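Inside the fold
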Amino acid sequence: MAEAKPFAIPKQLVWGAYQQVKANRGAAGVDGETLEAFDAKAEDNLYKLWNRMSSGSYFPPPVRLVEIPKKNGGRRPLGIPTVADRIAQTVVKMVLEPKVEPMFHPDSYAYRPNKSAHEAVGTARKRCWKLDWVIDLDVKAFFDSLEHDLVMRAVRHHTDEPWVVLYIERWLKAPAEAADGRRIERTAGTPQGGVVSPLLANLFMHYAFDLWMRRTHPLMTFERYADDVIVHCVSEDQAQRVLEDFRLRLKGCGLELHPE
């Protein structure tokens, strides 16, 4: 008789995750395996992945570090997971997202089903006709700076699935591999480019900003797209006060405002 696995992860869930990853396409990770190569042995590869995840022996490989140019002239680091790791992350996302999505703020627009940047811009435009002052802010090196302890505290608050907690913790700690083969260990942040990272980023900002605004400035409106935020104010004085409040709030969450 086959030995029971410690984690009950349905094979159907892994199959559904694979279909999503396939539809989203994407580049190869550190192992150089393309989607086409994974596809060629899909059944075998998916069984191995399910087996490892169910037994608790799945350890994510490093993410492949690539840097893409930013509009302002800097460079944005992206971490590209392997195809198998993208599937594993999608499995976890499929379990965690339905639990947290319903409680997210209606004015949080990034990386969410049926929400878009266009919708955020449209809402901001309408509110700008009513209020003359805005705070336009974003968080410095947001994805690279998230405090792991705070992320994990939020995750544990919303799921009692031990394997979801286990694998998210492992993804947060997984190193990055630079083009020259150097390993870069990670003590903070979640790689931009990972499947589960946007969900973790939204969960973090839900507590760091959205709920904080609801509690401390309940009458003020805002639009948030990941760490980009526009807050609508009645006066310059109010805008300066709220900006300072938020600067202190972020500091308490281990983050800082982008000086520009």
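Residues numbered from 1 in each chain as written. Predicted model: local features only at pLDDT ≥ 70, side-chain atom pairs only at ≥ 80, totals over all residues. Heavy atoms only, no water.

**Describing the environment of Glu-97**
Looking at the element boundaries, Glu-97 is found in helix 4 (residues 83-100). In this structure the C-alpha to C-alpha distance between Glu-97 and Val-196, which are 99 residues apart in sequence, comes to 9.4 Å. Other than its neighbours up to four places away in sequence, Glu-97 contacts Pro-102, Tyr-111, Pro-113 and Leu-199. (Helix = DSSP H or I, 4+ residues; strand = E, 2+ residues; numbered from the N terminus. Contact = heavy atoms within 4.5 Å.)

**Structural notes on the packing of aromatic side chains**
What characterises a pair of aromatic rings is the spacing of the ring centres plus the angle enclosed by the ring planes. This model, assessed by the stated rule, comprises 12 aromatic pairs. Relative to Phe-38, the ring of Tyr-18 has its centre 6.0 Å away and its plane inclined at 40°; by these criteria the two rings are tilted. Taken together, the residues Tyr-18 in helix 1 (residues 11-24) and Phe-38 in helix 2 (residues 35-40) connect sequence positions 20 residues apart. The class of Tyr-18 is buried, set by a relative accessible area of 3%. The interplanar angle of 45° and the centroid separation of 5.6 Å between the aromatic rings of Tyr-47 and Trp-50 together place this pair among those described as tilted. Taken together, the positions of Tyr-47 and Trp-50, both in helix 3 (residues 42-55) and three residues apart, correspond to about one turn of that helix. (Phe/Tyr/Trp six-rings, centres within 6.5 Å; stacked < 30°, edge-to-face > 60°. Buried < 20%, exposed > 50% of the residue type's maximum accessible area, 1.4 Å probe, protein only.)

**Some thoughts on the sheet that holds strand 6 (residues 222-225)**
Strands sit in the order 3-7-6 across an open sheet of three strands; the sheet is antiparallel. One side of each edge strand has no neighbouring strand; the edge strands of this open sheet are strand 3 (133-138) and strand 6. Adjacent strand axes in the sheet meet at a mean angle of 10°, parallel and antiparallel pairs treated alike. Sheet strands in contact with helix 5 (residues 117-130) are strand 3, strand 6 and strand 7 (228-233), and its direction is about 160° off that of strand 6. (Pairing = 2+ DSSP bridges. Axes fitted to C-alpha atoms, helices over the stretch in contact; angles between N-to-C directions.)

**Considerations on the state of the cysteines**
This model, assessed by the stated rule, comprises zero disulfides. Lacking any disulfide linkage, Cys-128 is separated from the closest cysteine sulfur, that of Cys-233, by 10 Å. In this structure Cys-253 is a free cysteine whose sulfur lies 19 Å from that of Cys-233, the closest cysteine sulfur available. (Disulfide = S-S within 2.5 Å.)

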